[in-house]
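# Residue-level structural notes
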Amino acid sequence: MKRIVWSFLLGLGLIVGFSHSSAAQGNNEPIVRTTDDKLIAIDVLLEPNQAMLDKANASNARLRGDYPAGYALDATHAPHVTMLQRYVRVKDLDAVTAALTKLFDTEQPTELQLKAKGYEYTIWSGVAVTIFVVERTPELMRLQQKVNDTVAPFSVSGGTAAAFIDTPSNSEIVGYVEQFVPKSSGEHYFPHVTLGVAHEDFVKQLKAVPFEAFSFGVKGVGLYQLGNFGTASKKLWEYQGKPLASWNEGPAKQSILDFVKRVTTESSPDYVPVPDRIATFDNDGTLWCEQPIPVQVYFALDRVKALAPQHPEWKTEEPFASVLKGDSKGVAAAGERGLVEMIMATHAGMTTTEFEQIVKDWIATAKNPKTGKLYTEMTYQPMLELLAYLRANGFKTFIVSGGGVEFMRPWAEQTYGIPPEQIVGSTIKTKFEMRDGKAVLVRLPELNFNDDKAGKAISINQFIGRRPVMAFGNSDGDREMLEYTQSGGGARFELLVMHDDAARETAYGPANGLPHVALGSFTQELYDQARKDGWTVVSMKNDWNRIFAFENVTQISVQEPEQAGVSAK
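Now for a look at the structure at hand.

What follows deals with the overall build of the protein chain. Along the backbone of the protein chain there are 21 helices and 14 strands. Split into buried and exposed, the 569 residues of the protein chain put 56% on the buried side. In the protein chain, of all internal contacts separated by at least 6 residues, the share reaching a separation of at least 24 is 73%. Looking at the protein chain as shown, the accessible area adds up to about 23800 Å², and 51% of this sits on carbon and sulfur atoms.

Okay, structure coming up:
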């Protein structure tokens, strides 16, 4: 309980304004950079948007109505969500903020969509310190870990009371900052927003009323020097990012921004209510790399090798024999029939729970043979930013892919921030069994539904139940999904990713003379249809200044729409 109390009051920069003067907190003189080794206690925190500020101020007013001696939310008691507290050297502050700027340019924290899901409180000095508990979304948890990693090279031990803006009246905060990473981050991270203080009975009454969860965004990130009681006392630096930072300025990016503004502005004739803001994304080639072969095929190849001792007949049967010999031409010669046969043989014969664990174990270590990066690192940074941007504007994002739904679900939430129930894909048949008194689903070696081409429109209707407002793909297999989206009433948006950057990724088409590929082709017919129907076509080469998060940003001059294949709506 003591650790939780300090998590509330200290570890996440909670404000206990009635315990100390606001004059000390209001010191906003810039800190002087020196060349000595003086330590400073810092707090890296998220600054919420107006949606949270309005809710927090309303709750604070109710708390002060019960306990007038409490404090009001103001410039010196601003609502926020702490991500990290550490000791760093004053002389390293510029390097710390430079590293954070690089991180946030990639991660775009201002596109986070967070949710307050209830009240909580703890007793401190006889009163109930009350908070909004913030949902631990995969995106927030990933960002918190990356902030830890970014600041780690500059973090130092041995901080004292002198590292704070004013001398702490309770020495526990000094040790708390020292132990923040092992005790209050990662799996122990408890994001929240402090609201104020009141009598415990009053807060219990607040909690007894059903809480209506609400979403809020992030307007910026701040770095503060900590003060007495672990308060975020002096702002030293602020980051305010731009949406879609990895997209070059041009018609493609602008078409997205313009459309989202139109459908989210209540006074707009194209306004779309939040429940109808559905966006569907293909996965392979749209959200992550699919060449030279899709990731799930690599998984199947590794499964053939792992299962080979149990199947001596595979030494002479195709396509298994070619896989075991490392004969890629022989595997390719087996065509789609051979691929389906291989997937059925390697993806069936176990329960759904067993298969999920196999996928988790594989995706945790499997790497792209060309880059040596984990497959989950081969995601397209501009599309990750787009997912976050849409969610920050009230969209619900779905994956609608030809890939196996149970192959994607184990890792997609951590990678894309898309939960399992919002993933639609191809399925194989399963049967219900009782094993050792427990109900299980057993995967059978028979295709149930192929979620490709026209199948995507069918599955959207069956499993989502709302026609998308926005749809994103990259190949002929996505054509029907985009057609289905466009055929709905009101404002609609369709986008195709064209892989035309041979230097940074893989160039393939065969549209516009690009190389032909067996899987994931973008034909000239599809390109011409996109131009005719007003779909946005994104040129990887011209529209993205970064393809993968591990790249350096490269600003490229954007061609005119008719040259780059971009049709702005």
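And the narrative resumes.
This part covers the pairing of strand β4 (residues 127-134). Within β4, eight of the eight residues are buried, leaving the element largely enclosed by the surrounding structure. A two-sided burial pattern is seen for β4, the buried positions comprising Val127, Val129, Ile131 and Val133 on one face and Ala128, Thr130, Phe132 and Val134 on the other. In this sheet, β4 lies alongside strand β3 (residues 113-124) in antiparallel orientation, the contact comprising eight bridges. Paired with Tyr121 across the strands is Thr130, a residue of β4. Between the antiparallel neighbours β3 and β4 lie two residues, among them Ser125 with a positive phi of about 55 degrees. Examined bridge by bridge, β4 and strand β5 (residues 192-198) share six bridges and lie antiparallel to one another. Opposite Ala128, over in β5, you have Ala198 as the bridge partner.

One open sheet holds the seven strands; their spatial order is β11-β10-β9-β8-β12-β13-β14, and the pairing between them is mixed. Lying at the two open borders of the sheet, with one neighbouring strand each, are β11 (438-449) and β14 (536-539). When strand polarity is set aside, the average angle formed by the axes of neighbouring strands in this sheet is 30 degrees. Relative to strand β13 (residues 493-498), strand β12 (residues 470-473) is paired through four bridges, and the arrangement is parallel. In the sheet register, Phe472 faces β13, and the bridge partner there is Leu495. With respect to the sheet, helix α13 (residues 335-347) is in contact with β10 (423-435) and β11, its orientation differing from that of β11 by roughly 175 degrees.

Attention now goes to the packing of aromatic side chains. Following the criterion strictly, the structure yields 29 aromatic pairs and no others. Here the aromatic rings of Phe104 and Trp237 are separated by 6.4 Å at their centres, their planes lie at 20 degrees, and the arrangement is stacked. A residue pair is termed long-range when its members are at least 10 positions apart, and Phe104 in helix α4 (residues 93-107) and Trp237 in strand β7 (residues 232-239) qualify at 133 residues. For the pair shown, Phe104 and Trp237 are each scored as buried. Residues Trp237 and Tyr239 carry aromatic rings whose centres are separated by 6.4 Å and whose planes lie at 40 degrees to one another, so their mutual orientation is tilted. We note that Trp237, like Tyr239, is buried. Put simply, the rings of Trp288, Tyr298, Phe299, Phe355, Trp362, Tyr375, Phe407, Trp411 and Tyr416 touch in pairs and so form one group of aromatic residues. In this arrangement the basic side chain of Lys55 is found over the ring face of Phe214, its NZ or CZ atom lying 5.3 Å from the centre.

Turning to the pairing of β14, a few remarks are in order. Side-chain alternation along β14 places Thr536 and Val538 on one buried face and Val537 and Ser539 on a second face that is also buried. As judged from the four bridges shared by β13 and β14, these two strands associate in the parallel manner. Looking at β14, one finds that Leu496 is bridged to Val537. In terms of handedness, the path from β13 via helix α19 (residues 524-533) over to β14 forms a crossover that is right-handed.

On the surface, Phe432, Met434 and Leu441 cluster together into a nonpolar patch covering about 330 Å² of accessible area. Tracing the chain through its elements places Met434 in strand β10.

Right, let's get into the packing of helix α17 (residues 454-464) against helix α18 (residues 479-486). Axis separation between α17 and α18 bottoms out at 6 Å; the angle between their running directions is 50 degrees. The pairing of α17 with α18 is recorded here as oblique in orientation. Along this stretch, α17 crosses α18, giving a crossing that reads as right-handed. Along the contact surface, α17 presents Ala454, Lys456, Ala457, Ile460 and Asn461, while α18 presents Glu480, Met481 and Tyr484. Considering only residue class, the contact of α17 with α18 consists of five nonpolar, one polar and two charged.

For α17, every residue scored as buried is listed here: Gly455, Lys456, Ala457, Ser459, Ile460 and Ile464. Lining the buried residues of α17 we find β8 (278-281), β9 (396-404), β10, β11 and α18. Downstream of α17 by a residue or two, Gly465 has a phi angle that is positive, lying close to 85 degrees.

Attention shifts here to the environment of Asp452. Mapped onto the secondary structure, Asp452 falls in the loop between β11 and α17. For Asp452, a relative accessible area of 29% puts it in the partly exposed group.

With that settled, consider the pattern of salt bridges. For the structure on display, the rule yields 23 salt bridges. Across the salt bridge formed by Arg262 and Asp270, the nearest N and O atoms sit 3.1 Å from each other. Under the relative-accessibility criterion, Arg262 is labelled partly exposed at 31%. We note a salt bridge from Glu356 to Lys360, for which the minimum N-O separation is 3.4 Å. Taken together, the residues Glu356 and Lys360, both in helix α14 (residues 352-363) and four residues apart, mark about one turn of the helix.

Cut-offs used in this document
Residues numbered from 1 in each chain as written. Predicted model: local features only at pLDDT ≥ 70, side-chain atom pairs only at ≥ 80, totals over all residues. Heavy atoms only, no water. Helix = DSSP H or I, 4+ residues; strand = E, 2+ residues; numbered from the N terminus. Buried < 20%, exposed > 50% of the residue type's maximum accessible area, 1.4 Å probe, protein only. Contact = heavy atoms within 4.5 Å. Areas by Shrake-Rupley, 256 points an atom, 1.4 Å probe, with all protein chains shown as cover. Pairing = 2+ DSSP bridges. Axes fitted to C-alpha atoms, helices over the stretch in contact; angles between N-to-C directions. Phe/Tyr/Trp six-rings, centres within 6.5 Å; stacked < 30°, edge-to-face > 60°. Lys NZ or Arg CZ within 6 Å of the ring centre and 35° of its normal. Right-handed = clockwise from strand over helix to strand, strands pointing away. Patch = residues over 30% accessible without salt bridge, like charges linked within 9 Å, V, L, I, M, F, W, Y side chains within 5 Å. Salt bridge = Lys/Arg side-chain N within 4 Å of Asp/Glu carboxyl O. Parallel < 35°, antiparallel > 145°, perpendicular 65-115°, else oblique. Left-handed = near helix turned anticlockwise from the far one by under 90°. Nonpolar A, V, L, I, M, F, W, Y, C, P; charged D, E, K, R; others polar.

Remember, this is a structural readout, not a statement about activity or role.
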